[in-house]
Amino acid sequence: ALQLANTQGQKIYQINQTNIDTILPKLNLSSDIINDIKIAISQGKEVTTHTNNVSVPGWSGAGYIVINPQTGDRAYLISGGANGGFSSVAIISGVFSLFSARNADVAKLLKLTNIEKIFRTIAQRLFLLSFFTGAANIAIDCKNNDQLFKMMSIHIASYIFLAMFLFIPVATPATIILLLSGSAVAGFAVTIVEQYLQDAICK
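Cut-off values and rules
- Residues numbered from 1 in each chain as written.
- Predicted model: local features only at pLDDT ≥ 70, side-chain atom pairs only at ≥ 80, totals over all residues.
- Heavy atoms only, no water.
- Pairing = 2+ DSSP bridges.
- Helix = DSSP H or I, 4+ residues; strand = E, 2+ residues; numbered from the N terminus.
- Axes fitted to C-alpha atoms, helices over the stretch in contact; angles between N-to-C directions.
- Phe/Tyr/Trp six-rings, centres within 6.5 Å; stacked < 30°, edge-to-face > 60°.
- Buried < 20%, exposed > 50% of the residue type's maximum accessible area, 1.4 Å probe, protein only.
- Expected span 1.5 Å × (residues − 1).
- Arc of directions from axis to C-beta.
- Polar contact = N/O pair within 3.5 Å; in protein donor to acceptor, adjacent residues only side chain to side chain.
- pLDDT = per-residue confidence, 0-100.
- Contact = heavy atoms within 4.5 Å.

Caption draft 1: Looking closely at the sheet that holds strand β1 (residues 12–15). Taken in spatial order, the four strands make up an open sheet running β1-β2-β5-β6, and their pairing is antiparallel. The sheet terminates laterally at β1 and β6 (74–78), the two strands that pair on one side only. Going from strand to strand, the sheet's axes swing by 15° on average, the running direction of each strand aside. Direction of pairing for strand β5 (residues 63–67) relative to β6: antiparallel, over a ladder of five bridges.

If you want it as structure tokens, here you go:
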């Protein structure tokens, strides 16, 4: 909804306790959304929204993001209470257009660095879990110290390579998608190669 509003030339506002009285009169949204905004701001949160309803086949309404500036937690909402979950070809098209360099202003607005932090945290946990699971599997399969040394050396070298994905800078949603895809493909390839070598060396 924010993307559609942006392409229509609507203003996108970030509302907080310092500017709520100035911005609320400019919003032509439903009374329910206005009340939600007032409640969120009274709780010390911030709200990002647009000025007028947008329409796609099967739905008309507004989208807004409620942000807790203390924790970074946020809720992505649309009018009607579907929590951003309305399914539509037009909405999906809008999401894909968001993942383009042309919409850097919207990407900045949504503070995508938080998505990057979430991605890196998940990736790091999965990376460590995979590393130690693989090491334990090698320790079980390899029958002597020579086999164990060879496979552990390969395992460590492989994960040093995979660790590079955790340090690639992410600037846009498109980069996040590419990084997710690249790390998944690289992880799958490393797993296959390691298993092949482990079968050859340790069995």
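Still more ground to cover, so stick around.
Caption draft 2: A look at the packing of aromatic side chains. Following the criterion strictly, the structure yields two aromatic pairs and no others. Pairing Phe 131 with Phe 132 gives two aromatic rings, centres 5.3 Å apart and planes at 80°, and the pair type is edge-to-face. Under the relative-accessibility criterion, Phe 132 is labelled exposed at 53%. Aromatic ring contacts, followed pair by pair, group Phe 131, Phe 132 and Tyr 159 into a single cluster.

Caption draft 3: Focus on helix α7 (residues 145–163). Along its 19 residues, α7 runs 26 Å from first to last C-alpha, staying within 8% of the 27 Å computed at 1.5 Å per residue. Burial in α7 covers these residues: Gln 147, Met 151, His 155, Ser 158, Tyr 159, Leu 162 and Ala 163. Along the long axis of α7, the arc covered by the buried residues comes to 140°, so they all point the same way. Turned more than 90 degrees away from the buried face of α7 sit Asn 145, Phe 149 and Ile 160, all of them exposed. For α7, the N-terminal cap is Asn 144; the gap from its side-chain oxygen to the backbone nitrogen of Asp 146 is 3.1 Å.

Caption draft 4: Structural detail: the confidence of the model for the protein chain. For the protein chain, the average pLDDT comes to 76, and 72% of its residues sit at 70 or higher. Confidence, expressed as mean pLDDT per element, reaches its minimum in the protein chain at helix α4 (residues 89–98) with 46 and its maximum at strand β2 (residues 46–50) with 93. Note that pLDDT drops below 50 for residues 86–107; the model gives that stretch 29 contacts with residues more than four away or on any other chain.

Caption draft 5: A look at the environment of Lys 150. Tracing the chain through its elements places Lys 150 in helix α7. As a C-alpha pair, Lys 150 and Cys 202 span 52 residues in sequence and 9.3 Å in three-dimensional space.

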